[in-house]
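Letter by letter, the chains look like this.
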Amino acid sequence: MTAALETTKSVDLGPAVELVSKEEGHRQPLAPEFVSAEDFSPLEVAYDFGRVRREDIEAGPRNIWRYKRLLPVPSNVEEIPNTEPGCTRLVRADRLAKALGVKRIWVKDDTGNPTHSFKDRVVAVALAAAREFGFDTLACPSTGNLANAVAAAAARAGWQSVVLIPSSLERAKILTTAVYDGALIAVDGNYDDVNRLATQLAAEHETWAFVNVNVRPYYSEGSKTLAFEVAEQLGWRLPEQIVVPIASGSQLTKVDKGFRELGQLGLVDESPYKVFGAQATGCSPVSAAFRNGHDVVQPVKPDTIARSLAIGNPADGPYVLDTVNRTGGAIEDVSDEEVVEGIRLLARTEGIFTETAGGVTVATAKKLIETGRLDPDAETVLLITGDGLKTLDAVEGKIGPKATVPPSADAVNEVLGR
Ligand SMILES: *Cc1c(COP(=O)(O)O)cnc(C)c1O
C-alpha cells in the first residue's frame, strides 16, 4: 500500500511486540497507528520484557538508550544518529524545601536536554520507531518545545521536518525552531486548531511521521525515561510523591507507567507513590474535572502564559484522572502571577531558571503543600520540564538590574547600602 506500511512486517522495536487498545485491550501488530479500529481508544505499546537487570542498564550509555530494554526502539538504537537526550540531573533542593516548609524535595532538571526541554526524550523514541517503519519526514503540531525537538532531531538524522505552530507562539520558540532549517509553518489558530490540521495532513502524507499523532504510541513511551532516571538516581527506589505538569497528559500517565514497570520487573521495590498534576488556571480542563469529581474532561479555550501546557482538549485527560485517583494524588491549578512567582522561587532558591511550565509545577506544589494535600514529611520530586530562556517574556519587565550607575565603587556601595 504505502512505503511506510510495507516495511512493518520486519520492524525491530526491541522488546515491543504489539499494540493494545487502552479501553478493551484489543491487540494488533506494531504499526504507525494511534487509535484502535475496534474500540476507538488510544493504542499503547505492549512488551515482552524478559529479564532486565540493573547491571545491564547501568552499563549502558549516559542517555535514555540505557533504558532501551524498556522502550519500543531497535536493539542497536545507540548506534543510530539521534539527539541522545536524558540523564539530566536530579538536584536535591534543600533551599526550596525550606522555603516551602517541607522535609525533602528533588528537582528533576530537564532543562539539560539537547533542545532544553523534556520533549527531546519523546521525540528521540518517536524518531527511532519511525525509522523502523520506513518514514522519511519528521513532523508535529507543537506548542513550542516539541517544535524545537522535532526540528533538531530531523536535522541530526538528515530527515526533512514539517513543524506546525500557532502563529502566536513565543518569539524565542519560533527562532529556536527555525534555526534548524526545516519547514516551519505558522498557522493562524490555537494549538487545538493546529492539532486538527496535523491529523488531516498525517492521513494525506503517508511518509510523514507526526511524532504526537500517527506514531504517538511510541513517542509517548519516551516519557517513561523520566521515571526510570528518577528511580535510578534515587538509588533504585521510587519517591513517595511526584508533581508533573499536564498538557496532553501523556507525560503524567507515562511517568506512572514507568514506575509500575520498574516494580513489576523487580528493578525497584513496589513502594506506594502518589502522582500529582499541575496546570495553569488559564488552561486547566483536567484540574477542573478533578475538582468536580468528573471522569471526562470538558475542553476549554486556553488563555495563559504557560503556552507549552496550553492544550485545551487534552488527549490523555481521562487517563490522567485515573492515574491521580488510583495513586491517591491530586490535581491543582495556579494563576499566571503564581506561575511567575514559581519561576522566581526556583531560581532564587536553587539557581535553576525554568520556563513557565516549571513555574506551574513549582507554584502548584506550593499550593498543594499549603492546602495539606502534599505531605510535608514525604519525599517529593518536581519535574522541571523546560528552560526559562525560551519564555523570557514571562519575566520581562518584572525583573532587572537594581540600578544603573556610573563605573564608580561609591555608586555601587551606595546602591547596596554597604
Ligand atoms: C509538552 C510539555 C509538557 C507536558 O506534556 P504532555 O503533553 O502532558 O505529555 C510539560 N512541560 C513542557 C515544558 C512541555 O513542553
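Residues numbered from 1 in each chain as written. Predicted model: local features only at pLDDT ≥ 70, side-chain atom pairs only at ≥ 80, totals over all residues. Heavy atoms only, no water.

The protein carries the name Threonine synthase in an unreviewed UniProt entry, which gives Prauserella endophytica as its organism. The record held by UniProt for the protein lists under Cofactor (unreviewed entry) the comment "pyridoxal 5'-phosphate". Recorded in UniProt under Sequence similarities (unreviewed entry), the annotation for the protein is "Belongs to the threonine synthase family." (UniProt positions renumbered as here; feature names shortened; annotations may be inferred.)

A.B. asks: Mind laying out the site of the ligand, listing which residues take part and the relevant values?
C.D. replies: With respect to spatial proximity, 15 residues lie near the ligand, and among them Lys119, Ser248, Gly249, Gln251 and Thr385 are the closest. Asparagine 145 places a side-chain nitrogen or oxygen 2.9 Å from an oxygen atom of the ligand. One of the backbone nitrogen or oxygen atoms of glycine 249 is found 2.8 Å away from an oxygen atom of the ligand. Residues of the shell around the ligand, tallied by class, amount to 6 nonpolar, 7 polar and 2 charged. Split by domain, the shell around the ligand shows at least three residues from each of two domains, domain 1 (16-51 + 117-217) and domain 2 (90-115 + 220-394). (Near = heavy atom within 4 Å. Polar contact = N/O pair within 3.5 Å; in protein donor to acceptor, adjacent residues only side chain to side chain. Nonpolar A, V, L, I, M, F, W, Y, C, P; charged D, E, K, R; others polar. Domains from an automatic or database assignment.)

A.B. asks: With reference to specific residues and values, describe the sheet that holds strand 6 (residues 137-141).
C.D. replies: Ordered by their spatial adjacency, 4 strands build an open sheet running 8-7-6-9, and the pairing between neighbours is parallel. In the strand order of this sheet, the two ends are held by strand 8 (183-187) and strand 9 (208-210), each with one partner. In this sheet, neighbouring strand axes are inclined to one another by 20° on average, regardless of whether the strands run parallel or antiparallel. In this structure, strand 6 lies alongside strand 9, joined through 3 bridges in parallel fashion. Paired with leucine 138 across the strands is alanine 209, a residue of strand 9. (Pairing = 2+ DSSP bridges. Helix = DSSP H or I, 4+ residues; strand = E, 2+ residues; numbered from the N terminus. Axes fitted to C-alpha atoms, helices over the stretch in contact; angles between N-to-C directions.)

A.B. asks: Provide a residue-level description of the domain arrangement of the protein, including the pertinent values.
C.D. replies: Annotation of the protein at the domain level lists domain 1 (16-51 + 117-217) and domain 2 (90-115 + 220-394). Relative placement of domain 1 and domain 2: their C-alpha centres are 22 Å apart. At the boundary of domain 1 with domain 2, total buried surface from both sides reaches about 2800 Å², with 47% on carbon and sulfur atoms. Here arginine 216 makes a salt bridge to aspartate 316, at a shortest N to O gap of 2.9 Å. The interface formed by domain 1 and domain 2 contains 22 residue pairs in polar contact (both at pLDDT 80 or more). Those elements that place two or more of their residues in the side of domain 1 that touches domain 2 are strand 3 (43-47), helix 4 (119-132), helix 5 (145-157), helix 6 (171-178), helix 7 (191-204) and helix 8 (216-221). Residues of the side of domain 1 that touches domain 2, tallied by class, amount to 14 nonpolar, 8 polar and 9 charged. (Buried area = accessible area lost by both parts, 1.4 Å probe. Salt bridge = Lys/Arg side-chain N within 4 Å of Asp/Glu carboxyl O.)

A.B. asks: Explain a nonpolar patch on the surface residue by residue, including any values.
C.D. replies: A cluster of nonpolar residues, Val405, Val412, Val415 and Leu416, forms a patch on the protein surface that exposes about 290 Å² of accessible area. Within the secondary structure, valine 412 sits in helix 15 (residues 409-416). (Patch = residues over 30% accessible without salt bridge, like charges linked within 9 Å, V, L, I, M, F, W, Y side chains within 5 Å. Areas by Shrake-Rupley, 256 points an atom, 1.4 Å probe, with all protein chains shown as cover.)

A.B. asks: Run through the pattern of salt bridges, naming residues and quoting values.
C.D. replies: Taken as a whole and judged by the stated rule, the model has 33 salt bridges. The shortest N-O distance in the salt bridge between glutamate 78 and lysine 68 comes to 3.0 Å. Of this pair, glutamate 78 sits in the loop between helix 2 (54-58) and strand 4 (90-92) while lysine 68 sits in the loop between helix 2 and strand 4, and the two are 10 residues apart along the sequence. Residue glutamate 78 is classed as partly exposed on the basis of its relative accessible area, which comes to 35%. When its relative accessible area of 16% is taken as the criterion, lysine 68 is described as buried. Of the charged contacts, one joins arginine 156 and glutamate 84 as a salt bridge, the two residues approaching to 3.7 Å between their closest N and O atoms. In this pair, arginine 156 is assigned in helix 5 and glutamate 84 in the loop between helix 2 and strand 4, connecting sequence segments 72 residues apart. On the basis of relative accessible area, arginine 156 is assigned to the partly exposed category, the value being 47%. (Buried < 20%, exposed > 50% of the residue type's maximum accessible area, 1.4 Å probe, protein only.)

A.B. asks: Tell me about helix 9 (residues 224-233), and please be specific about residues and values.
C.D. replies: Within helix 9, 9 of the 10 residues are buried, which leaves the element mostly enclosed by the surrounding structure. Residues of helix 9 that are buried: Lys224, Thr225, Leu226, Ala227, Phe228, Glu229, Val230, Ala231 and Glu232. Positive backbone phi, at 85°, marks glycine 235, one or two positions downstream of helix 9.

A.B. asks: Requested: an account of the packing of aromatic side chains, with residues and values cited.
C.D. replies: Where two aromatic rings form a pair, the distance of their centres and the angle of their planes describe that pair. Evaluated as defined, the whole model comprises 5 aromatic pairs. Where tryptophan 208 meets phenylalanine 210, the ring centres are 6.1 Å apart and the plane angle is 45°; that geometry is what we call tilted. Summarising the burial analysis for this pair, tryptophan 208 and phenylalanine 210 share the class buried. Relative to tyrosine 273, the ring of phenylalanine 259 has its centre 5.0 Å away and its plane inclined at 70°; by these criteria the two rings are edge-to-face. Of this pair, phenylalanine 259 sits in helix 10 (residues 250-264) while tyrosine 273 sits in the loop between helix 10 and strand 11 (274-280), and the two are 14 residues apart along the sequence. (Phe/Tyr/Trp six-rings, centres within 6.5 Å; stacked < 30°, edge-to-face > 60°.)

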